[in-house]
Amino acid sequence: MIIIRNPKKWLFVRKNKIKNKTLGFVPTMGALHEGHLSLIRRSKRENDLTCASIFINPAQFNDKNDLKNYPASLESDIKKLKSEKTDFLFLPDEKTMYSDGYSFKVSENSISKSLCGKSRPGHFDGVLTVVMKLFNIARPDSAYFGEKDYQQYVLIKNMSEAFFMNIEIIPCPLIREKDGLALSSRNRLLSEKERLSAQLLNKALKTGKSKNDIKRILNKSGFNVEYVENKWGRKLAAAKLGKVRLIDNVKI
Ligand code: AMP
């Protein structure tokens with residue numbers, strides 16, 4: 001696996017060494033788990049070459065503590081990517097990604113204000129901005145996103161169409177633990193007791209009960225529910241267990 005930190009170096013490689021190859025791109029914030037690796041595997045199946053990126057994007061954290069506590073495990077991430085035979089890892093630093101000090105941004109004024117956007121002001125502008133930057137650097141043919149972050153997937157797909165980016169945005173199935181908990185980098189921040197309760201989020205969504213009933217069930221079980229909503233043919237929810245924010249969605 002070739003690790004590249006400098007966008008100019010990557011652009012040189014993309015334009016000169018691999019210009020005739022199809023490239024799949026998998027952007028991540030690291031702390032990789034089977035959910036991330038499922039995207040890498042899909043990209044590898046569908047493209048000549050696959051590039052992953054790891055960048056913990058400060059612009060998408062509206063809560064400084066969340067950013068401070070976000071798990072990082074670069075060495076083991078690199079091992080995992082190598083064992084999947086990922087071709088390239090783009091590993092930029094903050095100065096490289098935000099040489100403009102975040103004075104330019106992509107702003108969305110509709111979907112991004114609902115669901116997760118309500119409690120996380122500015123979050124999706126941060127996501128869309130970094131994805132736009134990463135797309136402009138990586139120049140992929142396709143990019144792979146998990147349905148775990150369903151609202152994010154919809155926004156990125158819409159952005160790619162709105163700006164004629166000519167990149168196929170591919171949604172990939174949500175990967176879960178055996179007990180139904182959606183895999184997430186943040187799960188490692190759960191205490192033992194919280195981890196046991198965490199499975200109830202998916203179990204409650206699967207009951208087929210009304211939004212309000214599900215909210216009641218979860219609040220009674222120790223969650224602090226942010227929302228349960230039906231949209232895009234899915235039931236989506238966000239809830240906190242202690243300090244850890246969890247999201248999930250199931251097809252209706
Ligand atoms: P993150 O590192 O959390 O920014 O996630 C990077 C990518 O992995 C995003 O497209 C996520 O939707 C995707 N992802 C995270 N968790 C899962 C999961 N459990 N199943 C499938 N994809 C996931």
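Residues numbered from 1 in each chain as written. Predicted model: local features only at pLDDT ≥ 70, side-chain atom pairs only at ≥ 80, totals over all residues. Heavy atoms only, no water.

Not every positive phi belongs to a glycine, and K85 is a case in point at roughly 60°. In this fold, K85 is placed in the loop between α4 (74-83) and β4 (88-90). (Helix = DSSP H or I, 4+ residues; strand = E, 2+ residues; numbered from the N terminus.)

Before going further, it helps to spend a moment on the packing of helix α1 (residues 7-17) against helix α7 (residues 123-138). Orientation of α1 relative to α7, taken along the N-to-C sense of each, is 45°, at an axis distance of 8 Å. Here α1 lies oblique to α7, going by the angle between them. Note on element contacts: α7 touches α1 through N136, I137 and A138, opposite P7, W10, L11 and R14. Along the lines of polarity and charge, the residues of the contact of α1 with α7 split into five nonpolar, one polar and one charged. (Axes fitted to C-alpha atoms, helices over the stretch in contact; angles between N-to-C directions. Parallel < 35°, antiparallel > 145°, perpendicular 65-115°, else oblique. Contact = heavy atoms within 4.5 Å. Nonpolar A, V, L, I, M, F, W, Y, C, P; charged D, E, K, R; others polar.)

This next bit is on the environment of F104. Summarising the element assignment, F104 is placed in the loop between α5 (94-97) and α6 (116-119). Residue F104 is classed as exposed on the basis of its relative accessible area, which comes to 64%. When the C-alpha positions of F104 and T129 are compared, they lie 8.2 Å apart, and in sequence the two are 25 residues distant. (Buried < 20%, exposed > 50% of the residue type's maximum accessible area, 1.4 Å probe, protein only.)

Bringing the layout of surface pockets into the picture now. By volume, the largest pocket amounts to about 390 Å³. In this structure, the largest pocket is lined by 14 residues; those nearest its centre are D63, N65, D66, K240 and K243. Counting only elements with at least two residues in the lining of the largest pocket, the list comes to α3 (64-69) and β9 (244-251). With three residues, α3 is the largest single contributor of residues to the lining of the largest pocket. (1 Å grid on protein atoms, 1.4 Å probe; cavity = no way out; pocket = protein on both sides within 12 Å on 5 of 7 lines; lining within 4 Å. Points joined across faces, edges and corners; volume = space filled by probe spheres on them.)

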